[in-house]
Amino acid sequence: MSNEATSTPELRCHEWLPSHVRPESGELAFLATSDLAAHTRGRAVRVESLSQTTSCGWVPANLGIGPSGHITDEIPFGSSGDLRLLPDFDSAVRTTAIPGQPPLTIVFADQVNTDGTPWHGDARSFLRQTIAELSADFGITVNAAFEHEFNDLGNAKPTQPFSLLAHRGLEPIGSEVMAALAEMNAEPENWLPEYTPNQFEVTVSPAPALTAADRAVLVRDTVSAVFAGHDRDVTFSPVPVAGGGGSGVHVHFGLNDDATGETLVFDADRPGRLSELAGRFAAGIVRYAPSLTAIFAPLVVSYQRLRPHNWSTAASFLGLQNREALLRIVPTNEIGGRDPRPQLHFEFRGGDIGANPYLLLGILLKAGMEGLRQGFDPAEVVVGDPDSAQTPPGQLPTSLADALELLENDDVVRGWFHPELLATYLAVKRAEIAEFGALEPAEQCSAYRTIY
Ligand code: GLU
Ligand code: MG
């Protein structure tokens, strides 16, 4: 008998999937999209039936699904209309490492019209188009990384900040999360016990912007899946317990020259060692952040986190190494003469788990581009207390309702979105306020703890 006759025939998809993705017969591939409530949704197909032209059906009204899982009334989409989930096979990953789960291939998909053109409600396409605009208009490319904080709900005893005991107490969950992320090429860097009792954090390496947002989805779903595999609850909610510490989703990003790959951020002779271009980009973010708060801090409970003295942020300013700044210039590691130039970058600290990662990164790039396009002066680099700033920092809204009003009334920001995308967003978020807005802080925390 020849070898060919006895070995399993190779699956056709092995010919075009990335080389680290080698599903076996009988496995499923999940075509994934992240919605306006930042939940990962989609459909699975058998890997045997995958072809390079595979897509599957999707429904425009799904864009109106709020955090509680219901389609919101008052959205511009009804029961009719059809879309396709079009897999981006370059984004495919596979994991065999989730306890209690069979191996799974995950492929990020764009929501497209039935003729294959991008759909105006799709957040991933919004980021993709924004990346293309930044490259075409300014010759800039962006690398980014999302940091996620979350709380283990399976331990009644408070842990000590940053402690080895906290780390060991949760094992093997930390090791399994890191192994699964590594297997999926998400390049995990740190797994850390964080400050708040039972709080942990995962960081990953920077990647090109679209991949960075895909990785953000992988991180949250992998953490949740590994905890679930151990019958243990976890929450990414911005404030799991009223009055307790918060969990953020921080976005690190740098600006590079499209042609040379060189950093555009560093200038040793300027304040904060920030180039003029990077300063103008930052000024756009600082200027538009109040109007964008409803997108980066989009939950009713988000406003229990966005407060002063919380190591999150309540004001829109660019700070040097200040963890209460909305936008922070991150310190560089110069041990042993390491070069700070390629390292210097920004950290945006306002985001949380309710923010769709593609929209979150997309709005930062859009706002930065406004700074360049409108020729803003470079943002003031505030050293130390924001009260010492020459220009008083812009205050962020203190409730989701106020944040939505600012978003709706900002002509510049409104212009970045298709009217139907924005109308759906506003409707979903206002329905969320109707559901959770009147609850006591502790009740809000408990409601969101189960959703995120
Ligand atoms: N937990 C803080 C937040 O809500 C961040 C703490 C840190 O600097 O990592 O964003
Ligand atoms: Mg942290």
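Counting from 1, residues in each chain are numbered in the order their sequence is written. Written order determines the labels here, with chains lettered from A and ligands numbered from 1. Selection of residues for local features in this predicted model requires a pLDDT of at least 70, selection of side-chain atom pairs for listing and counting requires 80 or more, and totals for whole chains, interfaces and linings are taken over all residues. Water and hydrogen atoms were dropped before computing side-chain values, which therefore reflect all heavy atoms in the structure.

Some remarks on the side chain of His-252
Which entries qualify depends on this criterion: Strands are runs of DSSP state E lasting at least 2 residues, helices are runs of H or I lasting at least 4, and numbering of each runs from the N terminus. Three labels apply to residues, based on accessible area from a 1.4 Å probe with only protein chains included: buried if under 20% of the type maximum, exposed if over 50%, partly exposed otherwise in between. By the criterion applied in these results, polar contacts are pairs of N or O atoms within 3.5 Å in which, for protein atoms, one can donate a hydrogen and the other can accept it, and in which residues neighboring in sequence qualify only through two side-chain atoms. Residue contacts follow a heavy-atom distance rule, with two residues in contact if any of their heavy atoms lie within 4.5 Å.
Turning to its location among the elements, His-252 is positioned in strand β12 (residues 249-257). Since its relative accessible area comes to 12%, His-252 is described here as buried. A distance of 2.8 Å separates the side chain of His-252 from the side chain of Glu-147, its partner in a polar contact. Among the polar contacts made by the side chain of His-252, one reaches the side chain of Glu-347 at a distance of 3.2 Å. With sequence-adjacent residues up to four places away left out, His-252 is seen in contact with Asn-143, Ala-144, Ala-145, Glu-147, Val-330, His-345, Phe-346 and Glu-347.

Re the packing of aromatic side chains
The condition is simple: A pair of Phe, Tyr and Trp rings is counted when the ring centres sit within 6.5 Å of each other, with Trp represented by its six-membered ring. The angle between the planes then sorts it: under 30 degrees is stacked, over 60 is edge-to-face, the rest tilted. By the criterion adopted, a ring carries a charge over it if an Arg CZ or a Lys NZ lies within 6 Å of its centre and within 35 degrees of its normal.
As enumerated under the stated definition, the model contains 16 aromatic pairs in all. Look at Phe-253 and Phe-281: their rings are 6.4 Å apart centre to centre, the planes differ by 55 degrees, and that puts the pair in the tilted class. One end of the pair, Phe-253, is in strand β12; the other, Phe-281, is in helix α6 (residues 276-296), and 28 residues separate them in sequence. Above the plane of the ring of Tyr-288 lies Arg-287, whose end atom (NZ or CZ) is 4.4 Å from the centre.

Some words on the pattern of salt bridges
In plain terms, the rule: Every case where a carboxyl oxygen of Asp or Glu lies within 4 Å of a side-chain nitrogen of Lys or Arg is listed as a salt bridge.
Going through the model one piece at a time under the given rule, you end up with 20 salt bridges. A salt bridge links Lys-366 to Glu-133, with the nearest nitrogen and oxygen atoms 2.7 Å apart. Of the two residues, Lys-366 sits in helix α8 (residues 357-373) while Glu-133 sits in helix α2 (residues 123-138), which places them 233 residues apart along the sequence. A relative accessible area of 21% places Glu-133 in the partly exposed class. A salt bridge links Arg-328 to Glu-347, with the nearest nitrogen and oxygen atoms 2.6 Å apart. Placement of the pair is Arg-328 in strand β15 (residues 327-329) and Glu-347 in strand β16 (residues 346-348), with a sequence separation of 19 residues. Salt bridges sharing partners connect three or more residues here, namely Asp-88, Asp-110, Arg-124, Arg-128 and Asp-214.

As for the coordination of the magnesium ion (ligand 2)
For clarity, the threshold we go by: Because water is not among the atoms used, a metal site may look incomplete, as its donors are only the N, O and S atoms within 2.8 Å, or 3.2 Å for Na, K and Ca.
Glu-149 (OE), Glu-194 (OE) and Glu-201 (OE) make up the full set of protein donors to the magnesium ion (ligand 2), lying at 2.0 to 2.1 Å. Mapping the donors of the magnesium ion (ligand 2) onto the primary sequence gives the spacing E-x44-E-x6-E. Linking Glu-149 in strand β7 (residues 140-152) with Glu-194 in the loop between β8 (188-193) and β9 (199-204), this pair joins segments that are 45 residues apart in sequence.

Section: the packing of α6 against α8
Stated precisely, the cut-off is as follows: Axis geometry follows a simple rule: fit a line to the C-alpha atoms, using only the stretch in contact for helices, then measure angles between N-to-C directions, giving values from 0 to 180 degrees. An angle below 35 degrees is read as roughly parallel, one above 145 as roughly antiparallel, one from 65 to 115 as roughly perpendicular, and any other as oblique. By definition, any crossing whose near helix is turned counterclockwise from its far helix by less than a right angle is left-handed, and any crossing with a clockwise turn is right-handed. Residue classes follow a fixed rule: Ala, Val, Leu, Ile, Met, Phe, Trp, Tyr, Cys and Pro count as nonpolar, while Asp, Glu, Lys and Arg count as charged, and any other residue, Gly among them, counts as polar.
As a packed pair, α6 and α8 sit with axes 6 Å apart at the nearest point and diverge in direction by 135 degrees. Comparing the axis directions of α6 and α8 gives the class oblique. Crossing of α6 over α8 shows right-handed handedness. Residue-level inspection shows Leu-277, Arg-280, Phe-281, Gly-284, Ile-285, Tyr-288, Leu-292, Ile-295 and Phe-296 of α6 in contact with α8, the latter providing Leu-359, Leu-360, Ile-363, Leu-364, Leu-365, Ala-367, Gly-368, Met-369, Glu-370, Gly-371 and Leu-372. Of the residues that constitute the contact of α6 with α8, the class distribution is 15 nonpolar, three polar and two charged.

Here's the deal with the confidence of the model for the protein
What counts is decided by this rule: Residue-level confidence of the predictor is what pLDDT reports, using numbers from 0 through 100.
For the protein, per-residue confidence averages 94 on the pLDDT scale, and 98% of positions sit at 70 or higher. Note that residues 1-5 has pLDDT below 50 and, in this model, one contact with residues that lie over four places away or in other chains.

Structural notes on the environment of Gly-116
Locating Gly-116 in the fold gives a position in the loop between β6 (104-112) and α2. A sequence separation of 56 residues divides Gly-116 from Pro-172, and the C-alpha atoms of the two residues are 43 Å apart.

Concerning the nonpolar core
The condition that has to hold: Here, nonpolar core means buried Ala, Val, Leu, Ile, Met, Phe, Trp, Tyr and Cys residues that are tied together by side-chain atoms lying within 4.5 Å of each other.
Among the nonpolar cores identified, the biggest contains 132 residues, and Phe-253, Phe-296, Leu-318, Phe-348 and Phe-417 are the most heavily contacted of them. The element that contributes the greatest number of residues to this core is α6, accounting for twelve residues. Those residues within four positions of Phe-296 in sequence are excluded, and the remaining contacts are Ala-289, Leu-306, Leu-326, Phe-348, Gly-350, Gly-351, Asp-352, Ala-355, Leu-360, Ile-363 and Leu-396.

Quick word on helix α9 (residues 400-409)
In an α-helix, one full turn covers 3.6 residues, which means residues spaced three or four apart are oriented alike. Heads up, the condition is: Throughout, the arc means the angular range of directions from the helix axis out to the C-beta atoms.
For α9, the set of buried residues is Leu-400, Ala-403, Leu-404 and Leu-407. One side of α9 holds all its buried residues, which, seen down the axis, span an arc of 100 degrees. As for α9, its buried residues are in contact with α6, α7 (302-305), α10 (411-414) and α11 (419-436).

Here's the deal with the site of ligand 1
Counted only if it meets this: Nearness of a residue to a molecule or strand requires only that one of the residue's heavy atoms be within 4 Å of it. Only the protein chains shown count as cover for residues, and the accessible areas themselves come from Shrake-Rupley with a 1.4 Å probe. Points on a 1 Å grid, built from protein atoms alone, make a cavity when a 1.4 Å probe fits but cannot get out and make a pocket when they are open with protein on both sides within 12 Å along at least 5 of 7 lines; residues with an atom within 4 Å of a point are the lining residues. To be counted as sitting in a cavity or pocket, a molecule needs more than half of its atoms within 2 Å of that site's grid points.
Every residue lining ligand 1 is accounted for by Glu-149, Glu-194, Glu-201, Gly-246, Ser-247, Gly-248, His-250, Arg-305, Trp-311, Arg-323 and Arg-349. Here an oxygen atom of ligand 1 and a side-chain polar atom of Glu-194 are 3.0 Å apart. A distance of 2.9 Å is found between an oxygen atom of ligand 1 and a side-chain nitrogen or oxygen belonging to Arg-349. Across the complex, the protein chains shield 89% of the 300 Å² of accessible surface that ligand 1 would expose by itself. Applying the majority rule of atoms within 2 Å of the grid points places ligand 1 in the largest pocket. Across the shell around ligand 1, the residue classes break down as one nonpolar, four polar and six charged.

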